[in-house]
Amino acid sequence: MPKVKVKNMEQLDIEIQRLKEKTRRLENELGERIDHLKGNYKSMAMNTVVPGIAKSGVLGIVGGIAKTAWKSGATKSVLTSALITAAEFIGVRLGIKLFDNIRNKRRRKKASAARSHEEEDEG
């Protein structure tokens with residue numbers, strides 16, 4: 001039923017009822033979509049990262065291996081150590097790069113200022 005211009009109390013009641021029914025229908029649709037999302041979240045996330053992997057069966061194999069490896073204390077320790085080392089390496093590389101960029105900007109500014117000062121002295 002399309003929107004109508006409400007002119008009296010009876011029409012108001014009908015419009016309120018129509019909007020309540022529409023609200024219930026939309027709530028049900030939203031609930032169905034949320035259920036679908038909950039049921040398919042893992043495969044949707046994996047398809048986002050690596051398209052097609054969720055249907056290939058690789059996901060189950062990789063997940064099983066990862067669970068088994070994570071349960072092992074030694075593996076967890078090695079993986080944690082490797083991740084920390086990688087994070088430190090990346091941090092140092094980014095820090096050095098950032099430091100070099102700042103240092104080079106300062107050098108360029110000083111060189112530019114010196115050149116403009118020399119040009120003023122000559123002129």
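That block above? That's the structure.
Since we're looking at a predicted model, the values are computed, not measured.

> Residues and numbers for the overall build of the protein, please.
Of regular secondary structure, the protein possesses three helices and zero strands. When the helices and strands of the protein are listed from N to C terminus, the series reads α-α-α. Expressed as a percentage of the 123 residues in the protein, the buried residues total 2%. As presented, the protein carries roughly 11100 Å² of accessible surface, and 61% of it is formed by carbon and sulfur atoms.

> So what's going on with the pattern of salt bridges? Residues and values would help.
Going through the model one piece at a time under the given rule, you end up with two salt bridges. A salt bridge links Arg 18 to Glu 15, with the shortest nitrogen-to-oxygen separation between them at 2.7 Å. In this pair, Arg 18 and Glu 15 both sit in helix H1 (residues 9–49), three residues apart, roughly one turn of the helix. Under the relative-accessibility criterion, Glu 15 is labelled buried at 9%. The shortest N-O distance in the salt bridge between Glu 29 and Arg 25 comes to 3.9 Å.

> Go over a negative patch on the surface, please, and point to the residues and values.
On the surface, Glu 118, Glu 119, Glu 120 and Asp 121 cluster together into a negatively charged patch. By secondary structure assignment, the location of Glu 118 is in helix H3 (residues 73–122).

Cut-off values and rules
Chains are numbered independently. Their residues run from 1 in the order of the written sequence. At least 70 in pLDDT is required for a residue's local features to be given in this predicted model, at least 80 for side-chain atom pairs to be given and counted, and no such filter applies to totals for whole chains, interfaces and linings, which use all residues. To get the side-chain values, take all heavy atoms of the structure and skip hydrogens and water. Only runs of H or I of at least four residues qualify as helices and only runs of E of at least two qualify as strands under DSSP, and these elements are numbered from the N terminus. For each residue, the accessible area found with a 1.4 Å probe, counting protein chains only, is set against the maximum for its type, and the residue is called buried under 20%, exposed over 50%, and partly exposed in between. Residue-level accessible areas treat just the shown protein chains as cover; the underlying method is Shrake-Rupley with a 1.4 Å probe. Throughout this description, the term salt bridge denotes a Lys or Arg side-chain nitrogen within 4 Å of a carboxyl oxygen of Asp or Glu. Patch rule: a residue counts if its relative accessible area is over 30% and it has no salt bridge; like charges are joined within 9 Å, and nonpolar side chains (Val, Leu, Ile, Met, Phe, Trp, Tyr) within 5 Å. For this count, His and the chain ends are skipped, Lys and Arg are scored as positive, and Asp and Glu as negative. Where a charge sits is defined by one atom per residue type, namely NZ (Lys), CZ (Arg), CG (Asp) or CD (Glu).

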